[in-house]
Amino acid sequence: MTSTLAHLGLYGLGTMGSALALNILEKGFALHVSNRSPDRIAAFVTEAQAEGLATKAVAHDSLAAMAGAMAAPRAIILMVQAGAAVDECINALIPLLSLGDTIIDAGNADFHDTRARTTRVEAAGLAYLGMGVSGGEEGARHGPSIMAGGTPAVFDGIRPVLEAIAARFNDAPCAAHLGPDGAGHFVKTVHNGIEYADMQMIAEIYGIMRRGMGMEPADIGKVFEAWDKGALKSYLVEITGIILQAQDKVTGLPVVDVIMDSAGQKGTGRWTVIEALALGQSASVIEAGVGARGWSSEKTARTAGETILATPRKALTLTEAQLEGALLTARIAAYAQGFRLMAAASANYRWALDNARVAEIWRAGCIIRSALLDDISAAFRGEMPEGQLIFAPAFVARLQANLPALRQVVAAAIAGGYPVPALAGAVGWLDTMAQARGTADLIQAQRDFFGRHGFERLDGAKGQHGPWAD
Ligand code: 6PG
């Protein structure tokens, strides 16, 4: 380590924390580690020894012991559960640290919390970084995508470490300082919102193939495997191909057939939608992904509904090309809604977020990494009418070629009785954005009718009322 680089500590040796710690050690940095429960500390040391990475690791019994033993300047990475645990760590660290020290929250924090914590920690004379880390355990261990928010100088202080441990795309590290305080955690939240949308759209396509077309999971898996070599190339399509071809060890059945169809969620998808609505934005595809997870957990009600509603279902005949085109189009819509949301948040919070840079650091390491992101970053650096990704020439061409397939798939699924809320959400939004004259004239008239809210006339006169006001 160079003398200008802070001494590093990492607190929280759960799955992600351990993996990130091993990654840091592997890149040659010395690292102090600790964890709330001591058994994880011992397990980590054993793991580090087994990998030949223990020589530069110093384990401590507690956060306080670790902070006390480290020489200044110190940079302490927190890898604890988002929420109260982060505040507990900050409260413990503030009296122990001194000017020049940095606290880094590398969990999935709510960016509003990160903003408040930045203020609190800075008021105590310390520095704070809110850092989104994506890529699951594998990414944390071998190269995640890192989205940092905070003071640029503070980021620069730890930059050599972050760039060394991050994933690489064309040899460029997928780690960036994106803006002040909560900017990094906000971008990570939107990343997760897009993750929810993409997973839901993939699941809807799977549902069409499985229930509507009567295909076996392994055969669907092979289709996803083939799609992963084309325009849909991405981590989520890749793992879907693997998952659908996997068998349960106990029963020998396709593994998806022994898994309860109720999806969990920890909050980031929901926060994306809440923030989208708060900023007056539409994120219909992401919203559908979050909503569908909620409905999925209503297992008892859905089971009753199958009998009570007795919805007739028809067999579907769709081609792989139609399904591929549909998924690609809806994926473009989900990304586009995510990037619009980041632009809106950036304007609102004055972050000066660079969407091209965000797309660049999402090209490797993170869960939503996909071939499309390289084109998205190029689009943000080129001509983009109205700042809309879907109006960038390369995406206009893609949408014109593939929107008919999305329309056909959604129409067939709806006619056949199969739920496609995310795919349908994408069509609804894309069609809205392609219509100069919408139907909000009638909404305005209704508002004026029952509440005398007034409307603007097309001739420019404002505060007007309809004849019902007389
Ligand atoms: C990532 C993921 C990760 C997230 C999981 C689970 O980028 O590595 O987004 O941060 O925690 O995907 O999230 P849910 O439990 O909300 O599905």
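Everything in this summary refers to the structure shown in the same document. Since the structure is predicted, the reported quantities are computational estimates derived from the model, not experimental observations. (Residues numbered from 1 in each chain as written. Predicted model: local features only at pLDDT ≥ 70, side-chain atom pairs only at ≥ 80, totals over all residues. Heavy atoms only, no water.)

1. Structural notes on the side chain of Arg 363
For step 1, the next point in the chain: In this fold, Arg 363 is placed in the loop between helix H15 (355-361) and helix H16 (371-381).
For step 2, the next point in the chain: A polar contact is formed between the side chain of Arg 363 and the backbone oxygen of Glu 360, at a distance of 3.1 Å.
For step 3, the next point in the chain: Contacts of Arg 363, omitting those with residues within four sequence positions, involve Phe 169, Arg 369, Leu 373, Asp 374 and Ser 377. (Helix = DSSP H or I, 4+ residues; strand = E, 2+ residues; numbered from the N terminus. Polar contact = N/O pair within 3.5 Å; in protein donor to acceptor, adjacent residues only side chain to side chain. Contact = heavy atoms within 4.5 Å.)

2. Quick notes on a nonpolar patch on the surface
For step 1, the next point in the chain: On the surface, Leu 253, Val 258 and Ile 259 cluster together into a nonpolar patch covering about 250 Å² of accessible area.
For step 2, the next point in the chain: When you line up the elements, Val 258 lands in the loop between helix H10 (235-244) and helix H11 (268-278). (Patch = residues over 30% accessible without salt bridge, like charges linked within 9 Å, V, L, I, M, F, W, Y side chains within 5 Å. Areas by Shrake-Rupley, 256 points an atom, 1.4 Å probe, with all protein chains shown as cover. Salt bridge = Lys/Arg side-chain N within 4 Å of Asp/Glu carboxyl O.)

3. Some thoughts on the site of the ligand
For step 1, the next point in the chain: In the region of the ligand, 13 residues are neighbours, and Ser 134, Lys 188, Glu 195, Tyr 196 and Arg 293 sit closest.
For step 2, the next point in the chain: Gly 135 places a polar main-chain atom, nitrogen or oxygen, 2.9 Å from an oxygen atom of the ligand.
For step 3, the next point in the chain: Interatomic distance of 2.5 Å between a side-chain N/O atom of Tyr 196 and an oxygen atom of the ligand.
For step 4, the next point in the chain: In isolation the ligand offers 410 Å² of accessible surface; the protein chains occlude 80% of this area.
For step 5, the next point in the chain: Top element by residues in the shell around the ligand is helix H8 (residues 183-212). It accounts for five residues. (Near = heavy atom within 4 Å.)

4. Considering the packing of aromatic side chains
For step 1, the next point in the chain: A full pass over the atoms with the stated rule returns nine aromatic pairs.
For step 2, the next point in the chain: Here the aromatic rings of Phe 224 and Trp 227 are separated by 5.0 Å at their centres, their planes lie at 70 degrees, and the arrangement is edge-to-face. Of this pair, Phe 224 and Trp 227 both sit in helix H9 (residues 217-227), three residues apart, roughly one helical turn.
For step 3, the next point in the chain: Taken together, the ring pairs connect Phe 111, Phe 186, Tyr 349 and Trp 351 into an aromatic cluster.
For step 4, the next point in the chain: Residue placement shows Arg 293 over the ring face of Tyr 196; its charged tip is 3.6 Å from the ring centre. (Phe/Tyr/Trp six-rings, centres within 6.5 Å; stacked < 30°, edge-to-face > 60°. Lys NZ or Arg CZ within 6 Å of the ring centre and 35° of its normal.)

5. As for unusual backbone geometry
For step 1, the next point in the chain: In this structure, Pro 73 follows Ala 72 across a cis peptide bond, with omega equal to -5 degrees.
For step 2, the next point in the chain: Looking at the secondary structure, you find Pro 73 in the loop between helix H3 (63-69) and strand S4 (74-78).
For step 3, the next point in the chain: A positive phi angle, near 50 degrees, is found at Asn 170, a position not held by glycine.
For step 4, the next point in the chain: Inspection of the secondary structure assignment puts Asn 170 in the loop between strand S8 (168-169) and strand S9 (172-173).
For step 5, the next point in the chain: Not every positive phi belongs to a glycine, and Asp 181 is a case in point at roughly 25 degrees.
For step 6, the next point in the chain: In this structure Asp 181 comes out as buried when scored by relative accessible area, which is 18%. (Buried < 20%, exposed > 50% of the residue type's maximum accessible area, 1.4 Å probe, protein only.)

6. Regarding the sheet that holds strand S10 (residues 175-179)
For step 1, the next point in the chain: The strand order across the open sheet built from eight strands is S3-S2-S1-S4-S5-S6-S7-S10, with neighbouring strands paired in mixed fashion. Each edge of the open sheet carries a strand with a single partner, namely strand S3 (57-59) and S10. If you compare each strand with its neighbour and ignore which way they point, the axes differ by 25 degrees on average.
For step 2, the next point in the chain: The sheet contact formed by strand S1 (residues 7-11) and S4 spans five bridges and is parallel. Note that in S4 the partner of Leu 8 across the bridge is Ala 75. (Pairing = 2+ DSSP bridges. Axes fitted to C-alpha atoms, helices over the stretch in contact; angles between N-to-C directions.)

7. A word on the pairing of S1
On a regular strand, one side chain projects to one face of the sheet and the next to the other, so that they alternate.
For step 1, the next point in the chain: Buried residues dominate S1, accounting for four of its five residues.
For step 2, the next point in the chain: Pairing of S1 with strand S2 (residues 31-34) involves three bridges; the strand directions are parallel. Looking across to S2, one finds that Leu 10 is bridged to Val 33.

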